[in-house]
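Survey of secondary and tertiary structure
If you want the building blocks of each chain, they are given just below.
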Amino acid sequence: FPFPLTYIARLLRIHISERKREEEAESNQNSFAAMAPRKTPVVSRNPQLIRGVGKYSRSKMYHKRGLWAIKAKNGGVFPKHDPKPKAAATPVKPSKFYPADDIKMPLPNKRKAKPTKLRASITPGTVLILLAGRFKGKRVVFLKQLTSGLLLVTGPFKVNGVPLRRVNQAYVIGTSTKVDISGTNVDKFDDKYFAKAAEKKNKKGEGEFFEADKERRRASCHKTRRMTRRLSMQHCLNRLRQCQI
Amino acid sequence: MGFKRYVEIGRVALINYGKEYGKLVVIVDVVDQNRALVDSPDMVRSQINFKRLTLTDIKIEINRVPKKKTLIEAMEKADVKGKWENSSWGRKLIVKERRAALTDFDRFKLMLAKIKRGGLVRQELSKLKKETAA
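Below or above, wherever it landed, is the structure these notes cover. (Residues numbered from 1 in each chain as written. Chains lettered and ligands numbered in written order. Predicted model: local features only at pLDDT ≥ 70, side-chain atom pairs only at ≥ 80, totals over all residues. Heavy atoms only, no water.)

Once that is clear, we can look at the overall build of chain A. Within chain A, the secondary structure is distributed over six helices and seven strands. Beginning at the N terminus, the succession of helices and strands in chain A can be written as α-β-β-α-α-β-β-β-α-β-β-α-α. Burial statistics for chain A: of 245 residues in total, 23% are counted as buried. Residue pairs in contact within chain A that sit at least 24 positions apart in sequence constitute 53% of those at least 6 positions apart. Accessible surface, chain A: about 20300 Å² in total, of which carbon and sulfur atoms supply 58%. (Helix = DSSP H or I, 4+ residues; strand = E, 2+ residues; numbered from the N terminus. Buried < 20%, exposed > 50% of the residue type's maximum accessible area, 1.4 Å probe, protein only. Contact = heavy atoms within 4.5 Å. Areas by Shrake-Rupley, 256 points an atom, 1.4 Å probe, with all protein chains shown as cover.)

And the structure:
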């Protein structure tokens, strides 16, 4: 007869899971009355027909969740755990100042800025033509895109006098010419590198700061220049151009 | 006065308008006063208005509406491609295509080459000037 057998099967299942829980409770020595941590993620046993409408009724779900078995284990009553002792709340001091009018708070903005999407034609090593700014018209090698979205670019300096510089993608034409920059290491350079040196209020301090920053910049510039120097024909030809004109 | 290039079967022409712009084709038959049947190794035989054709000097020996294979053989025998590419007209077109396909870097190289050539020319000129002055 099915009824007694399934009932027994259920009891067995509960017995096994109970054993497992006991083992977990033993390992977890915080409090014996606490619920054992779940090993599988919580999945609803009540599939949704439509959002807000489950397949099974309350009584069916009562049976499915095994609440009757939990009650049976606990003597006909659903087990209650004593609440954990709360840490004594630090007394909140009443504030000394309340603003006279209700100020409207702006809605919270949780958007995170992403760097602008890089055009498909611009890849590390592409030669770009600068369209605006001090170096407009110059052809320049693209190194990488910084987190701010600006493009890190260099002349190289020895070739056409364009230093390591940031440039906006909108003011640039990408050519089809690519230079191999697999040797260069540009990890060191990011937006912070280009940030203005913070000015100290102390006059003496200001001078030092400024010099230190400059030295740092010069040193790193040298390194990239050396590396980009090991690049291609493009480079040599550009040099030729400078010799002739 | 007289026309030198005639519309005849086997006349090679250049398409100067439309989707097939710039292709060399052979006139394979005449449909009526305005249209010709035209064929080429890399296109489907089709009719085209004479206004869209510019006749060239090249003519090949074929019968009216030959099979594609025959046409290709005849074109190779007459060396249409070679004649075209060596003619001044053909060469000019090739140069035009090349110029249109230049990249920024190519234009740069071209500029350097022009400067160099100009320099050499000027050197020779100055030498000649000296000789005549002396």
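A few words now on the sheet that holds strand 6 (residues 165-167) of chain A. Residues and elements named next belong to chain A. What the five strands build is an open sheet, ordered 6-5-4-3-7; its pairing is antiparallel. Each having just a single partner strand, strand 6 and strand 7 (172-178) make up the two edges of the open sheet. Recorded for the sheet is a direction-independent mean angle of 45° between the axes of neighbouring strands. Note that strand 3 (residues 126-130) and strand 4 (residues 139-145) share three bridges and pair antiparallel. Looking at the pairing, Ile129 lines up with Arg139 of strand 4. (Pairing = 2+ DSSP bridges. Axes fitted to C-alpha atoms, helices over the stretch in contact; angles between N-to-C directions.)

Moving on to the side chain of Asp104(B). Here Asp104(B) is to be found in helix 4 (residues 104-133). In this structure the side chain of Asp104(B) is engaged in a polar contact, spanning 2.7 Å, whose partner is the side chain of Arg139(A). Dropping the residues within four chain positions of it, Asp104(B) is found in contact with Ile129(A), Arg139(A) and Thr175(A). (Polar contact = N/O pair within 3.5 Å; in protein donor to acceptor, adjacent residues only side chain to side chain.)

Let us look at the packing of aromatic side chains. A complete count under the given rule lists four aromatic pairs over all chains for this structure. Their ring planes at 80° and their centres at 5.0 Å tell us that Phe189(A) and Tyr193(A) sit as a pair that is edge-to-face. A single burial state applies to Phe189(A) and to Tyr193(A), both of which are buried. Considering the side-chain rings of Phe105(B) and Phe108(B), the 6.5 Å spacing of their centres and the 15° angle between planes classify their relative orientation as stacked. Of this pair, Phe105(B) and Phe108(B) both sit in helix 4, three residues apart, roughly one helical turn. Of the aromatic side chains, those joined through ring pairs into one cluster are Phe189(A), Tyr193(A) and Phe194(A). Sitting over the ring of Tyr56(A), Lys64(A) keeps its end group 4.3 Å from the ring centre. Taking the ring centre of Phe105(B) as reference, the NZ or CZ of Lys109(B) above it sits at 4.6 Å. (Phe/Tyr/Trp six-rings, centres within 6.5 Å; stacked < 30°, edge-to-face > 60°. Lys NZ or Arg CZ within 6 Å of the ring centre and 35° of its normal.)

Let us look at unusual backbone geometry. All names here are of chain B. With a phi close to 50°, Val65 is a non-glycine residue in the positive phi region. Looking at where Val65 falls in the secondary structure, it is placed in the loop between strand 5 (53-59) and helix 1 (68-78). Here Asp79, not a glycine, exhibits a phi torsion of approximately 55°, which is positive. Structurally, Asp79 is set in the loop between helix 1 and helix 2 (80-86).

Further remarks concern helix 4 of chain B. Over its 30 residues, helix 4 of chain B extends 43 Å from the first C-alpha to the last, a length consistent with the 44 Å expected when each residue adds 1.5 Å. Along helix 4 of chain B, the residues that are buried comprise Asp104(B), Phe105(B), Phe108(B) and Leu112(B). (Expected span 1.5 Å × (residues − 1).)

It is worth spelling out the nonpolar core at this point. Ranked by internal contacts, the top residues of the largest apolar core, which has 15 residues, are Val12(B), Val26(B), Ile60(B), Ile62(B), Leu71(B) and Val80(B). Contributing elements (two or more residues each) for this core: strand 1 (11-15), strand 2 (24-30), helix 1 and helix 2 of chain B. Examining the composition of this core, we find that four residues originate from one element, helix 1 of chain B, more than from any other. Not counting residues up to four positions away in its chain, the partners in contact with Val12(B) are Leu24(B), Val25(B), Val26(B), Leu55(B), Thr56(B), Ile58(B), Ile60(B) and Val80(B). One finds Val141(A), Leu152(A), Leu164(A) and Tyr193(A) within the second-largest nonpolar core, a separate group that totals twelve residues. (Core = buried A, V, L, I, M, F, W, Y, C linked by side-chain atoms within 4.5 Å.)

All names here are of chain B. An order of 4-3-2-1-5 is seen for the five strands of this open sheet, with the pairing classed as antiparallel. The open sheet has two edge strands, strand 4 (43-49) and strand 5, and neither has a second partner. Taken over all neighbouring pairs, the strand axes of this sheet differ in orientation by 40° on average, direction set aside. Of the pairings in the sheet, the one linking strand 2 to strand 3 (residues 35-40) comprises four bridges and is antiparallel in character. Its bridge partner lying in strand 3, Val26 is registered against Asp39. Relative to the sheet, helix 1 contacts strand 2, strand 3 and strand 4, its axis offset from that of strand 3 by approximately 75°.

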